[in-house]
Structure formats: C-alpha cells, structure tokens
Amino acid sequence: MDGTWIAWTSAVVSAVSGCGAVAALVVTVSDGRAARRNTEFLAHRDQWWNRWTWIAERAVSDDAGLRAVAAVMALAIETRPWTTRDDHWVFRALRDHLDDGRNPDDLEDV
C-alpha cells in the first residue's frame, strides 16, 4: 500500500504542477498581449500628438507657405483610412479656428 500511495501522490503532484504551468503560460501570454496593445496605443498617441502639433504650428504661422503646407498635411491625415475620431475632431477644430478669421486663407476649402 505504501508504494501505491506514493505513486498516486506523485501523479497528483505532477498533474497539479502541470496545471500550474499551463495556467502560468496562459497568464504570461495574456499579459504579453495586453502589454503589446498598451505599447501600440502609446506609440499611436505619441505620433498623433507629433502630427497635429506640427500641423497646428504651421497653420497659425504668419508665413502663407507654411499655412498651405499645414492645410495639405491636415487634409492628407483627414482622408487616411487609419485616422481616428480624435483626428477628425482636431481637423474640424483647426478648420473652425482658422475659419473664425484668424487665418482665413487656410483650410477654407478643406
């Protein structure tokens, strides 16, 4: 009976250890996916900020050439399939700001 008891105990311990290893693998994969999504989100947000600040700085410039470049880039971003609601919101806000008469030459036709 002692040999049978040890065999069953070893089998149960092995099975529990195997389940723990599978659970650890599932948790690790899940955490890795969440970390990747978070990294992608942060990279997207950083690029979003860089794009729109670049455009906004030029859109309110005294240089008509820089304002024209800003208008072209804003329209280019607005029409991309990967743009977000935030992109559309900034585009409209910038257009409305410029339509208020502060820089009437820009983004009127956009």
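Residues numbered from 1 in each chain as written. Predicted model: local features only at pLDDT ≥ 70, side-chain atom pairs only at ≥ 80, totals over all residues. Heavy atoms only, no water.

## Re the side chain of Arg67
For Arg67, the position within the fold is in helix α2 (residues 64–78). We classify Arg67 as buried; its relative accessible area is 8%. Here the side chain of Arg67 touches Ser61 through a polar contact of 2.9 Å, landing on its backbone oxygen. (Helix = DSSP H or I, 4+ residues; strand = E, 2+ residues; numbered from the N terminus. Buried < 20%, exposed > 50% of the residue type's maximum accessible area, 1.4 Å probe, protein only. Polar contact = N/O pair within 3.5 Å; in protein donor to acceptor, adjacent residues only side chain to side chain.)

## Observations regarding the pattern of salt bridges
Applying the stated criterion across every chain yields a total of four salt bridges. As a salt-bridge pair, Glu40 and Arg36 come within 3.6 Å of each other at their nearest N and O atoms. Highlighted residues: Glu40 and Arg36, both in helix α1 (residues 2–59), separated by four residues, approximately one helical turn. Glu40 gets classed as partly exposed once you look at its relative accessible area, which sits at 48%. Arg36 gets classed as partly exposed once you look at its relative accessible area, which sits at 48%. Taking the shortest distance from any N to any O, the salt bridge between Arg58 and Glu57 comes out at 3.8 Å. By relative accessible area, which is 21% here, Arg58 ends up partly exposed. For Glu57, a relative accessible area of 56% translates into the label exposed. (Salt bridge = Lys/Arg side-chain N within 4 Å of Asp/Glu carboxyl O.)

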